[in-house]
Structures are given as structure tokens and as C-alpha cells.
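Structure assessment
Residue strings, one per chain:
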Amino acid sequence: MNQTELHSYLEDKLGKAKTQFERTIDCKHTEFDDLYPYMTEQPQFFWYKRYVAWQELLTLVQVAKESEFDWIALFSKKQTNYIETRVLDAKVLDNWYEEKTADSTS
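Below is a summary of the structure that appears in this document. Note that the structure is predicted; figures quoted are calculated from it, not measured. (Residues numbered from 1 in each chain as written. Predicted model: local features only at pLDDT ≥ 70, side-chain atom pairs only at ≥ 80, totals over all residues. Heavy atoms only, no water.)

1. Here we look at the environment of Trp96
Put simply, the rule is: Each helix is a run of DSSP H or I of at least 4 residues and each strand a run of E of at least 2, with the numbering of both proceeding from the N terminus. Buried residues are those whose accessible area, probed at 1.4 Å on protein chains only, stays under 20% of the maximum for their type, while exposed residues exceed 50% and partly exposed ones sit between those limits. Two residues form a contact once any of their heavy atoms are found within 4.5 Å. Whenever a nitrogen or oxygen atom comes within 3.5 Å of another N or O atom, the pair is scored as a polar contact, on the condition that within protein one atom can donate a hydrogen and the other can accept it, and that pairs from neighbouring residues in sequence are kept only if both atoms are in side chains.
Looking at the element boundaries, Trp96 is found in the segment after helix H5 (90-95). Trp96 sits in the buried class, given a relative accessible area of 0%. Filtering out sequence-adjacent residues up to four positions away, Trp96 remains in contact with Lys18, Phe21, Glu22, Ile25, Trp54, Leu57, Phe75, Gln79, Tyr82, Ile83 and Lys91. In terms of polar contacts, Trp96 uses its side chain to reach the side chain of Glu22, at 2.8 Å.

2. Some words on a nonpolar patch on the surface
Filter applied, for reference: Only residues whose relative accessible area exceeds 30% and that take part in no salt bridge are eligible for patches, with like-charged residues grouped when within 9 Å of each other and nonpolar side chains (Val, Leu, Ile, Met, Phe, Trp, Tyr) grouped when within 5 Å. Per-residue and other accessible areas follow the Shrake-Rupley method at a 1.4 Å probe size, with only the shown protein chains counted as cover for residues. A side-chain nitrogen of Lys or Arg and a carboxyl oxygen of Asp or Glu constitute a salt bridge if their distance falls within 4 Å.
Taken together, the side chains of Leu35, Tyr36 and Tyr38 define a hydrophobic patch exposed on the protein surface, amounting to about 350 Å² of accessible area. Owing to a relative accessible area of 33%, Tyr36 belongs among the partly exposed residues under this scheme.

3. Brief notes about the side chain of Thr80
Summarising the element assignment, Thr80 is placed in helix H4 (residues 77-85). Owing to a relative accessible area of 5%, Thr80 belongs among the buried residues under this scheme. Excluding residues that lie within four positions of it along the chain, Thr80 makes contacts with Trp71, Ile72 and Phe75.

4. A short note on the nonpolar core
Where a protein is soluble and globular, its nonpolar side chains tend to be buried together. Basically, it comes down to this: Definition of nonpolar core: a set of buried residues of the types Ala, Val, Leu, Ile, Met, Phe, Trp, Tyr and Cys, connected through side-chain atoms within 4.5 Å.
Among the nonpolar cores identified, the biggest contains 21 residues, and Leu14, Phe21, Trp54, Leu57, Trp71, Ile83 and Trp96 are the most heavily contacted of them. Of all the elements in the fold, those that place two or more residues in this core are helix H1 (3-25), helix H3 (44-66), H4 and H5. Take this core: its biggest share by element is seven residues, from H3. When neighbours within four sequence positions are excluded, Trp71 is seen to be in contact with Leu14, Val61, Ala64, Lys65, Thr80, Ile83 and Glu84.

5. Describing the packing of aromatic side chains
Selection criterion: Ring geometry is summarised as follows: Phe, Tyr and Trp rings, the Trp one being its six-membered ring, pair when their centres sit within 6.5 Å, and such pairs are stacked at plane angles under 30 degrees, edge-to-face over 60 and tilted between the two.
On inspection of all chains with the given rule, the structure shows 10 aromatic pairs. Judged by centre distance (5.8 Å) and plane angle (50°), the ring pair of Phe32 and Tyr48 falls under tilted. Of this pair, Phe32 sits in helix H2 (residues 31-35) while Tyr48 sits in helix H3, and the two are 16 residues apart along the sequence. Look at Phe32 and you get buried, because its relative accessible area is 11%. One aromatic cluster is present, built from ring pairs that chain together Phe32, Tyr36, Tyr38, Phe45, Phe46 and Tyr48.

In C-alpha cells:
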């Protein structure tokens, strides 16, 4: 696999991992739910799957760094800071998405 193919692969995998993590923040269905369908009734399952998705994201970021891929371009500055800190806490879950101000036009 050449460098261009590797970077394309990493961009795809990081994008999917980011989406998976964001789906866990939003308490939406993920592939992880399909692996453990009997656990979805347990309240701690939602926290557990967040940690699993977070670890997957951190692992792919580490591979991207080692492959000299510009992973930072796929995340906001705030998200990049959370990833570099590596600790998943309530602050990350509460503030992962960029806040929109009253002045924003979107």
C-alpha cells in the first residue's frame, strides 16, 4: 500500500470512528449494540460503549500519527484537544460538538 492509499484508508477509518463515537454521545444505535444485544437494557452499557468507541478513535489517531497522516484536519480544535488529552470524561461528552452562538449563520 502506497502512502496515498494509506492516507485515504486512514481518513475513511477515522471518519467512521468519529461518527461511531458521536453516535454513542447521542445515544444512537451503533455496531456495538449488534454485538451485545442482550446488554442494551443495562444502563451502564451506554457508558461502556462510549469508552469502547473512544478507545477505537484514540487507537486510529495513534496509527495516523505514526503514519504521518494529518488527522487533525478531520476534527475541530476543541475535539483535537480532547483527543490529545486522551481522557474521556463528562466534559468531552458535554462539549464534543461545537457550540453555536447567537451570531452564527448556520
